[in-house]
Amino acid sequence: MSEASKHGPLPFAITLDPGSSLANKTGSWRTEAPAYVDRLPPCNDACPAGENIQQWLHHAEESGYEAAWRQIMADNPFPAVMGRICYRPCETACNRAILDEPVGINSVERFLGDEAIKQGWTVSVDAPASGKHVLVVGAGPSGLSAAYHLRLLGHEVTVRDSCPEAGGMMRYGIPAYRLPRDVVDAEIQRIADLGVRFELNTTVTDLQAELDAFDAVFLAVGAHVGRRADIPAGDSARILDAVSVLAEVEQGDQPLLGRRVAIYGGGNTAMDMARTARRLGATDAVVVYRRTRDRMPAHEIEVTEALEEGVRMRWLSTITYADAGRITIEKMKLDETGFPVPTGEFEELEADSVVLALGQLSDLALVEGMDDVTITDHVVQVGAHLMTGHPGLFAGGDMVPSERTATVAIGHGKKAARNIDAWLRGTTDQRPPRHDLATYERLNTWYYSDAPATVRPRLDVARRISTFDEVVGGLDASTAVFEARRCMSCGNCLECDNCFSVCPDNAIIKLGGGKYEIDLDFCKGCGLCAAECPSGVIEMFPERL
Ligand SMILES: Cc1cc2nc3c(=O)[nH]c(=O)nc-3n(C[C@H](O)[C@H](O)[C@H](O)COP(=O)(O)OP(=O)(O)OC[C@H]3O[C@@H](n4cnc5c(N)ncnc54)[C@H](O)[C@@H]3O)c2cc1C
Ligand code: SF4
Ligand code: SF4
């Protein structure tokens with residue numbers, strides 16, 4: 001084969017005549033050689049559900065919406081839900097944030113999730129039946145994610161939940177103005193359509209009997225018991241807890257909060273409770289929190305939206321007494337370590353009810369008394385494979401030590417499914433080692449023009465406080481594609497042909513299908529390809545002399 005035909009089509013922007021370049025094998029001059037390397041984009045690394053974000057953004061960029069959605073579904077069965085409620089650690093990690101603003105990964109994910117619901121896309125079980133049957137206890141994001149992945153791996157799956165409907169906190173905690181229930185229903189229905197059996201209104205009480213009846217059990221019972229605070233209170237004080245109130249609202253009840261509601265706590269649940277109270281007719285919803293705004297565990301956007309809706313904040317305050325129609329608060333100050341300490345200054349506030357939003361505990365009655373299951377600090381201890389000390393009993397989500405978010409719970413579900421599958425087959429789940437991170441300094445960002453992030457539409461405040469309509473809108477197809485195109489494809493070849501075009505020695509061979517190869521007979525190691533690769537996927541390695 002002639003050198004020219006081996007190299008296929010010749011690049012259009014070379015500095016030497018192709019004929020003369022290919023006539024001289026310049027490779028022997030080299031002290032460093034380039035090589036294509038795969039790196040892990042920081043967004044992928046940060047997604048607790050383990051999504052291959054760079055890959056699905058790439059499909060979306062080319063308007064391959066279904067392929068993009070299927071790529072998400074390989075890891076996470078809830079793109080439309082996550083596209084609304086995930087706290088987006090991927091965007092916090094996104095390299096583009098250093099250039100201008102992070103890629104709106106979450107809004108593209110939502111667009112794809114909504115598109116799938118609109119188009120009726122489904123998934124199917126291709127794996128052969130394993131003959132094994134797994135029980136999942138709890139139909140929250142963790143249990144549902146485990147059920148989905150276990151079913152795709154060929155196992156029979158039964159999900160039991162105490163509640164009348166599946167979804168866990170996605171249904172009975174997170175308010176509908178952030179997560180419309182038809183979206184939750186559609187993504188759960190898709191899991192049911194795979195053949196996962198749901199037994200609702202069914203509380204599991206005898207775990208040993210279930211372990212005997214099933215081949216493995218995954219526990220994902222969440223954390224539903226509101227933490228109490230020892231607030232001295234008069235007999236007629238009305239003190240409620242936020243998770244119970246939010247669950248009542250979901251079930252169509254109108255909890256008796258009154259017109260003036262004090263919410264005690266500074267997390268996201270406190271914000272959800274205060275905003276829900278406004279929608280239920282409270283004229284005054286005031287959040288009482290011991291520290292300052294910048295130390296609030298609630299996400300900034302939740303605080304901002306609550307303030308926009310007229311929620312008042314009493315930072316540096318604690319409730320010292322509650323009685324009918326009023327509470328006493330004590331002002332706090334932060335000591336040099338940032339710890340809140342009382343000042344001895346008191347104030348009275350009018351409040352018909354106090355709603356505690358101080359976090360939740362798991363009800364672990366199910367495992368208490370099992371000698372081989374360890375409970376520490378109100379959570380169940382699991383090993384690296386999410387198995388408890390009891391063989392065949394796995395656990396994940398809010399009931400195990402971890403960050404308590406739906407995305408983490410979904411990631412646990414996937415991980416548990418893979419480990420349960422391996423355990424049932426008598427093996428262990430082995431994952432290939434992770435690639436090095438594609439950090440910002442590895443990229444050549446000159447290639448990317450300024451492109452500010454797309455802003456999602458928001459409902460006007462008047463509608464927000466009088467209805468449970470969804471507050472944040474979605475992107476349309478053109479804005480979603482624009483947003484996907486902002487991705488810099490960190491650490492992954494974006495097939496731009498830069499290396500092929502700039503190589504002065506025609507040493508890059510285009511293999512097709514987005515693959516390239518370096519012909520080291522002709523590469524003299526100038527490093528131009530590595531310098532010009534926008535995505536940082538070419539690295540120079542010293543030659544061994
Ligand atoms: C108000 C609020 C807002 C939140 N907002 C967000 C958000 O915006 N984004 C985010 O990522 N996370 C959010 N979270 C956290 C998130 O909802 C949880 O981390 C997540 O739902 C945990 O999932 P899970 O599957 O472990 O448990 P859960 O979702 O709590 O589900 C557990 C399920 O187990 C069932 N169950 C319990 N015991 C039994 C039993 N013995 N037998 C049968 N069934 C049983 C329960 O009925 C429940 O359905 C929020 C939480 C709250 C409370
Ligand atoms: S699930 Fe969350 S972290 Fe993962 S891609 Fe979606 S928004 Fe990002
Ligand atoms: S630019 Fe793209 S690949 Fe890079 S971190 Fe952001 S979303 Fe991920």
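Residues numbered from 1 in each chain as written. Chains lettered and ligands numbered in written order. Predicted model: local features only at pLDDT ≥ 70, side-chain atom pairs only at ≥ 80, totals over all residues. Heavy atoms only, no water.

### Considerations on the domain arrangement of the chain
The domain architecture assigned to the chain consists of domain 1 (22-38 + 493-542), domain 2 (42-121 + 446-486), domain 3 (133-224 + 362-425) and domain 4 (231-360). At the interface, 26 residues of domain 2 touch 27 residues of domain 3. Taking both sides of the interface into account, the surface hidden between domain 2 and domain 3 amounts to around 2,200 Å²; carbon and sulfur atoms contribute 69%. Along the contact surface separating domain 2 from domain 3 lie one salt bridge. Between K414 and D75 there is a salt bridge; the shortest N-O distance is 2.8 Å. Here domain 2 is connected to domain 3 by eight residue pairs in polar contact (both at pLDDT 80 or more). Listed by contribution, the elements that provide at least two residues to the side of domain 2 that touches domain 3 are α5 (65-73), α6 (79-85) and α9 (105-119). With six residues, α6 is the single largest residue contributor to the side of domain 2 that touches domain 3. (Domains from an automatic or database assignment. Contact = heavy atoms within 4.5 Å. Buried area = accessible area lost by both parts, 1.4 Å probe. Salt bridge = Lys/Arg side-chain N within 4 Å of Asp/Glu carboxyl O. Polar contact = N/O pair within 3.5 Å; in protein donor to acceptor, adjacent residues only side chain to side chain. Helix = DSSP H or I, 4+ residues; strand = E, 2+ residues; numbered from the N terminus.)

### Some points on the sheet that holds strand β18 (residues 393-395)
If you trace the five strands from one edge of the open sheet to the other, you get β4-β3-β2-β5-β18, paired in parallel fashion. Edge strands, defined here as strands with exactly one partner in the open sheet, are β4 (197-199) and β18. Taken over all neighbouring pairs, the strand axes of this sheet differ in orientation by 20° on average, direction set aside. The pairing of strand β2 (residues 133-137) with strand β3 (residues 156-160) spans five bridges and is classified as parallel. In the strand pairing of β3, V137 is matched with R160. Its contacts with the sheet put helix α10 (residues 141-152) on β2, β3, β4 and β5 (216-219), and the angle it makes with β3 is roughly 165°. Here helix α17 (residues 406-424) sits on the sheet and contacts β2, β5 and β18; the angle it forms with β5, its principal contact strand, is near 165°. (Pairing = 2+ DSSP bridges. Axes fitted to C-alpha atoms, helices over the stretch in contact; angles between N-to-C directions.)

### Points about the packing of aromatic side chains
One pass over the full model with this rule turns up six aromatic pairs. A centroid spacing of 6.2 Å and a plane angle of 75° characterise the contact between F394 and W423, whose relative ring orientation is edge-to-face. Linking F394 in strand β18 with W423 in helix α17, this pair joins segments that are 29 residues apart in sequence. A residue is classified by how much of its surface remains accessible, and F394, at 1% relative accessible area, is buried. Sitting over the ring of Y177, R279 keeps its end group 3.7 Å from the ring centre. It is K510 that lies over the ring of F500; its NZ or CZ is 5.5 Å from the centre. (Phe/Tyr/Trp six-rings, centres within 6.5 Å; stacked < 30°, edge-to-face > 60°. Buried < 20%, exposed > 50% of the residue type's maximum accessible area, 1.4 Å probe, protein only. Lys NZ or Arg CZ within 6 Å of the ring centre and 35° of its normal.)

### Things to note about the sheet that holds strand β14 (residues 353-356)
Overall, parallel pairing links the five strands, which are arranged β7-β14-β8-β9-β10 in an open sheet. Two strands close off the open sheet at either side, each with one partner strand: β7 (239-241) and β10 (312-314). The mean inter-strand angle of the sheet, taken between neighbouring strand axes irrespective of direction, is 25°. Relative to β10, strand β9 (residues 284-288) runs parallel, the two sharing three bridges. Across the sheet, residue V286 finds its bridge partner in β10, namely R312.

### Regarding the site of ligand 1
Not every one of the 36 residues close to ligand 1 is listed here, only the nearest: I85, D161, R178, H224 and D398. Here S162 contributes a backbone N or O atom positioned 3.2 Å from a nitrogen atom of ligand 1. For ligand 1, whose unbound accessible area comes to 990 Å², protein coverage reaches 95%. Elements represented by at least two residues in the shell around ligand 1 include exactly α10, α14 (242-250), α15 (268-279) and α17. For the shell around ligand 1, the per-class residue count stands at 15 nonpolar, 15 polar and six charged. If you count residues domain by domain, the shell around ligand 1 takes at least three from each of domain 3 (133-224 + 362-425) and domain 4 (231-360). (Near = heavy atom within 4 Å. Areas by Shrake-Rupley, 256 points an atom, 1.4 Å probe, with all protein chains shown as cover. Nonpolar A, V, L, I, M, F, W, Y, C, P; charged D, E, K, R; others polar.)

### Examining the side chain of D429
Residue position: D429 is located in the loop between α17 and α18 (461-466). Accessibility expressed as a relative area gives 19% for D429, which makes it buried. Looking at D429, its side chain comes within polar contact range of the side chain of R431, at 2.9 Å. When sequence neighbours within four positions are dropped, the list of residues in contact with D429 reads H385, R418, N419 and A422.

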